[in-house]
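So the chains spell out like this:
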Amino acid sequence: MDVDALKKEVTTSQLWRSVMRHDLEDNPRTRVLKVMSNLFMHLHPVRIPRFGLYLKHTWCMGGITFFLFLVLTVTGTLLMFYYHPVKEAAYADIKYLEFDVPFGMLLRNMHRWAAHAMVISVWLHMYRVFMTGSYKPPREFNWVVGVLLLTLTMLLSFTGYLLTDDQLGFWAVTVGTNMARATPLLGHEGPFGDKLGMTPYNDIRFAMLGGSQVAGNALLRAYIWHCIALPLIVAVFISIHFWRVRKDGGISAPQ
Amino acid sequence: MHQFWEIISKADNVPIVIMLVLVCFFTWLSFREALKYDRARAEGKTVKQAVYAEEAGFPERVAVWPHLVRQEFLVAIGVTIFLMLWSIALDAPLEELANPNVTPNPSKAPWYFLGLQELLVYFDPWIAGVMLPNVIVVGLMAIPYIDINPKGSGYYTLRERPLAISIFLFGFLFLWVLMVCIGTFARGPGWLWFWPWQHWDVHRVVAETNIDFSDKFFGVDSASPMGFWIGLAAVALWFPAVMFPPLLLPSFRRSEFFQRLGIVRYLVFASLLATMLATPVKMILRIFLHVKYIWVTEWFNV
């Protein structure tokens, strides 16, 4: 059988050519086409400054942050198959994941450690961008978007903390949301809160928790913020962030 | 010491140890790169020559495919392996079922908010838990609009932007990373300070009497009307005391720095800086002089 002839037959077929827009010969033209004609690759420019490859320059922290976001999306989606965001079931579901679900413990571990790692990598990304002065014109607005993403990352992690419904998550979220009581004007213990008629049953903390205590409603709200609302918001801001990197002239470089 | 080892090896605290190592490493790395650049510039090289010093003879731009794509792929594999090993070696913590009637001592927020929780020692919750986080986020967003020094864009340098880098490093390393570490490793039951070699004793009591600013320095009851005005004056004077002295110097007003910045930018910058500096000042007053509140009012305390 003539392999080359078969290969030619396949790669020139209508089906193949409708999917693959170009051949795979390694030459400068296909190197460009591989980036330009692929949805995922075209986030990149065709060429970058050489030092954009140096880890000592970029620390790769932005890329690692994005990759961890993808890991968290995948492991999080898998975890959602086994989890009910109700008081009666949540804690038992975690035990079920740990002891019964095949690779459930590994799945949960990966989700938790990737989440912690993402908080760290996003801080370090900010650190690098500051140290190379990469927020300077024309990239000011992208720094602002980055600060929003950093805040959203911590909120994502915070809303996930409660979902295990154990003592650790419950008290961490209790301590965290108790701060909201002290919000000026909008919290019942905050400055001038009582002047606006704030009580534990109508203030901003009540709105966050869906109650005056961290209980069933808070669990459901945390779940919806964690699994739907915040990831969608983050996805929108990541898109803006990446798009602006390109529009603002690619990786920052000395002029 | 034995217990300290238990605390730092607690599964949820391992990331903080990793973060600490990474922050130290990257601080060293960026300083090394910056010093290298600054040295090259001092020798009379141009910006580009100093940045691209090691690349003489190479093309300045490279094709993304295969160079960058290959690197991204390798990093993704590396991160995946690292996460896998981490997840095999260490299990995510799961404590007992949530119980509102059993309060752990100490009760701690998630680790990345422990810097803010640590500030609760020095400030009331409306400042430490609400105002400061908002000022931090807004202040970070304001950086590109305040720091209008055109130098140092896209490369590491210390000499070309000493002010911006020292302020940022102070905020990031001391007021954020260090506070997170203190909140995690040094704060035990009752949020009392425990050295690494001390046992976290739940029955420990520390006799400490903190008194308000006006009592301490003027002998005036902080709850009295006079105490109110003294406190208000102290808080209200802090900001102009940080913001205005440079403006009184003609040499500062004529300086290139101020001319470029303009008065509005300068005032925004100086008020954010004054807020940032107020944090360590209040900490020092509390730790060394046992000052509780600067300003006591019937609605809030500062």
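Our structure's up above, just so we're on the same page.
Computed from a predicted structure; not experimentally measured.

Visitor: Please explain the overall build of chain A as it appears in this structure.
Guide: Helix and strand counts for chain A come out as eleven helices and one strand. In chain A, the succession of helices and strands from N to C terminus is α-α-α-β-α-α-α-α-α-α-α-α. Radius of gyration (C-alpha) of chain A: 24 Å, far over the 18 Å computed for a compact globule of 255 residues. With the C-alpha coordinates aligned to their principal axes, the bounding extent of chain A is approximately 80 × 55 × 30 Å. Every one of the 255 residues in chain A was classed for burial, and the buried ones make up 50%. Contacts spanning at least 24 positions in sequence make up 60% of the contacts within chain A whose residues lie at least 6 apart.

Visitor: So what exactly am I meant to see when it comes to helix H1 (residues 3-11) of chain A here?
Guide: Because the α-helix completes a turn every 3.6 residues, residues three or four places apart line up on one side. Burial within H1(A) is sparse, with just zero of its nine residues counted as buried. At the N-terminal boundary of H1(A), the capping side chain belongs to Asp2(A), with an oxygen 3.2 Å from the backbone nitrogen of Asp4(A).

Visitor: Which parts of the structure should I look at to understand the packing of helix H6 (residues 125-146) of chain B against helix H12 (residues 256-289) of chain B?
Guide: Geometrically, a packed helix pair is captured by the angle between its two axes and the distance between the axes. Residues and elements named next belong to chain B. Two elements in contact, H6 and H12, have axes whose closest approach is 11 Å; the angle formed by their N-to-C orientations is 145°. Taken as a pair, H6 and H12 cross one another with a handedness that is left-handed. Here Leu-132, Val-135, Gly-139, Ala-142, Tyr-145 and Ile-146 of H6 come into contact with H12, specifically with Leu-261, Arg-265, Val-268, Phe-269, Leu-272, Thr-275 and Thr-279. Within the contact of H6 with H12, the residues separate by chemical class into nine nonpolar, three polar and one charged.

Visitor: Can you walk me through the interface of chain B and chain A in this structure?
Guide: Interface size is commonly expressed as the accessible area that is lost once the parts come together. Taken together, the contacts link 96 residues of chain B with 85 residues of chain A. Both faces combined, the contact of chain B with chain A buries some 8600 Å², and carbon together with sulfur accounts for 72% of it. When the area that chain B buries against chain A is broken down by residue, the three leading residues are Trp65(B), Leu94(B) and Tyr156(B), summing to 9%. Of the charged contacts in the structure, one is a salt bridge between Lys136(A) and Asp147(B), with a shortest N-O distance of 3.5 Å. On the surface where chain B and chain A come into contact, there are 37 residue pairs in polar contact (both at pLDDT 80 or more). For the side of chain B that touches chain A, the secondary structure elements donating two or more residues are helix H2 (14-42), helix H3 (47-51), strand E1 (61-63), helix H4 (64-89), H6 and helix H7 (162-186) of chain B.

Cut-offs and rules
Residues numbered from 1 in each chain as written. Chains lettered and ligands numbered in written order. Predicted model: local features only at pLDDT ≥ 70, side-chain atom pairs only at ≥ 80, totals over all residues. Heavy atoms only, no water. Helix = DSSP H or I, 4+ residues; strand = E, 2+ residues; numbered from the N terminus. Rg over C-alpha atoms; globule rule 2.2 N^0.38 Å. Buried < 20%, exposed > 50% of the residue type's maximum accessible area, 1.4 Å probe, protein only. Contact = heavy atoms within 4.5 Å. Polar contact = N/O pair within 3.5 Å; in protein donor to acceptor, adjacent residues only side chain to side chain. Axes fitted to C-alpha atoms, helices over the stretch in contact; angles between N-to-C directions. Left-handed = near helix turned anticlockwise from the far one by under 90°. Nonpolar A, V, L, I, M, F, W, Y, C, P; charged D, E, K, R; others polar. Buried area = accessible area lost by both parts, 1.4 Å probe. Salt bridge = Lys/Arg side-chain N within 4 Å of Asp/Glu carboxyl O.

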